[in-house]
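Residue-level listing of the chains:
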Amino acid sequence: MAFSDGVPKRLLATWFAIAIAVCMMGSLAAAQLTVQPKAEVFAGYSWYHPNGYVDSGKVPDIAGGFDLSATYYLPSTHNLGIVVDGSDHFHSSNANVGFLLGGIQYKFRNDQFSPFVHVLGGVAHMSPETLRAEWKPVVGGGGGFDLTLTNRIALRIAQADYLWTYYNPQ
């Protein structure tokens, strides 16, 4: 297969990007802070994209929502923590989805910019318009980026999670 076909070029570019990311992780580890927090608390806006279908068509996005989370970092491994996360998403047509999740989080700390990844599991409470409410299991994962403003305050720039659950209205 020739390089002009495009597939090997993409494969080469993907491997090159992965190699750069792995090399940069070493600089993140070298630039870690000496002061590690024992816990973190987050409160903020949340947007939910269900990406599902019902009899009437695609389920709409729920733009109104909030998220609260708390992370306790383990004393022996300062960057690994236990996270508890709760969120509620409410639609103007009385369609609501709430999540209660727990899991583990790893944060790559440095002086200004701290990316993190987490794995979560828990329950979802779904109450679509005119249908019965249900509690369902949910699993997922994701990550984000925090910008350190002071020793005690950081601004969450972005967080994205993929959560898998299901709803059967029958």
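Fair warning: this is a prediction, and the values are worked out from it, not measured in the lab. (Residues numbered from 1 in each chain as written. Predicted model: local features only at pLDDT ≥ 70, side-chain atom pairs only at ≥ 80, totals over all residues. Heavy atoms only, no water.)

Peer 1: Any chance you could break down the overall build of the protein chain for me, citing the residues and the numbers?
Peer 2: Within the protein chain one finds one helix and nine strands. Listing every helix and strand of the protein chain by position from the N terminus yields α-β-β-β-β-β-β-β-β-β. Across the protein chain, contacts joining residues at least 24 apart in sequence account for 48% of those joining residues at least 6 apart. For the protein chain, the exposed surface amounts to about 11,200 Å²; the carbon and sulfur share of it is 67%. (Helix = DSSP H or I, 4+ residues; strand = E, 2+ residues; numbered from the N terminus. Contact = heavy atoms within 4.5 Å. Areas by Shrake-Rupley, 256 points an atom, 1.4 Å probe, with all protein chains shown as cover.)

Peer 1: Quick one: what's the story with the sheet that holds strand 7 (residues 113–127), residue by residue and with numbers?
Peer 2: Adjacent strands of a sheet pair through backbone hydrogen bonds, lying either parallel or antiparallel. Taken together, seven strands build an open sheet; the order of strands is 1-4-5-6-7-8-9 and the sheet is antiparallel. At either margin of the open sheet sits one strand with a lone partner, and together these are strand 1 (39–45) and strand 9 (154–164). For this sheet, the mean angle separating the axes of adjacent strands, direction not counted, is 20°. The pairing of strand 4 (residues 64–73) with strand 5 (residues 80–90) spans 10 bridges and is classified as antiparallel. Looking across to strand 5, one finds that Tyr72 is bridged to Ile82. (Pairing = 2+ DSSP bridges. Axes fitted to C-alpha atoms, helices over the stretch in contact; angles between N-to-C directions.)

Peer 1: Just give me the short version of the environment of Ser69, but keep the residues and values in it.
Peer 2: Along the polypeptide, Ser69 turns up in strand 4. Placed 25 residues apart in sequence, Ser69 and Gly44 show a C-alpha to C-alpha distance of 9.2 Å. Not counting residues up to four positions away in its chain, the partners in contact with Ser69 are Glu40, Val41, Phe42, Val83, Val84, Asp85 and Arg156.

Peer 1: Which residues make up the environment of His91, and what values go with them?
Peer 2: Relative to the helices and strands, His91 resides in the loop between strand 5 and strand 6 (96–107). For His91, a relative accessible area of 25% gives the class partly exposed. Those residues in contact with His91 that lie beyond four places of it in its chain are Pro60, Asp61, Ile62 and Asn96. (Buried < 20%, exposed > 50% of the residue type's maximum accessible area, 1.4 Å probe, protein only.)

Peer 1: Would you mind going over the pattern of salt bridges in detail, with residue names and values included?
Peer 2: Summed over the entire model, instances satisfying the criterion amount to five salt bridges. Among the ionic pairs, Glu40 bridges to Lys107, the shortest N-O distance being 2.9 Å. Taken together, the residues Glu40 in strand 1 and Lys107 in strand 6 connect sequence positions 67 residues apart. Taken individually, Glu40 and Lys107 each receive the classification buried, so the pair is uniform in this respect. A salt bridge links Lys136 to Glu134, with the shortest nitrogen-to-oxygen separation between them at 3.1 Å. Taken individually, Lys136 and Glu134 each receive the classification buried, so the pair is uniform in this respect. Via salt bridges that share partners, Glu40, Lys107, Arg109, Asp146 and Arg156 belong to a single interconnected network. (Salt bridge = Lys/Arg side-chain N within 4 Å of Asp/Glu carboxyl O.)

Peer 1: Outline the nonpolar core, supporting the account with residue identities and numerical values.
Peer 2: Core analysis: the biggest nonpolar cluster contains 10 residues, these being Tyr48, Ile62, Val83, Val97, Phe99, Leu101, Leu120, Ala124, Met126 and Val138. Breaking this core down by element, the ones donating at least two residues are strand 6 and strand 7. For Leu120, the residues in contact, after removing those within four places along its chain, are Val83, Leu101, Gly102, Gly103, Val139 and Gly140. (Core = buried A, V, L, I, M, F, W, Y, C linked by side-chain atoms within 4.5 Å.)

Peer 1: So what's going on with the packing of aromatic side chains? Which residues, and what values?
Peer 2: Summed over all chains, the structure comprises three aromatic pairs. With a centroid separation of 5.4 Å and 65° between ring planes, the pair formed by Tyr48 and Phe99 is classed as edge-to-face. With Tyr48 in the loop between strand 1 and strand 2 (53–54) and Phe99 in strand 6, the pair connects residues that are 51 residues apart, well separated along the chain. Given the relative accessible area of 14%, Tyr48 is considered buried. Residues Phe113 and Phe145 carry aromatic rings whose centres are separated by 5.3 Å and whose planes lie at 10° to one another, so their mutual orientation is stacked. Pair noted here: Phe113 is in strand 7 and Phe145 is in strand 8 (residues 134–148), with a separation of 32 residues, a long-range link. Under the relative-accessibility criterion, Phe113 is labelled partly exposed at 38%. (Phe/Tyr/Trp six-rings, centres within 6.5 Å; stacked < 30°, edge-to-face > 60°.)

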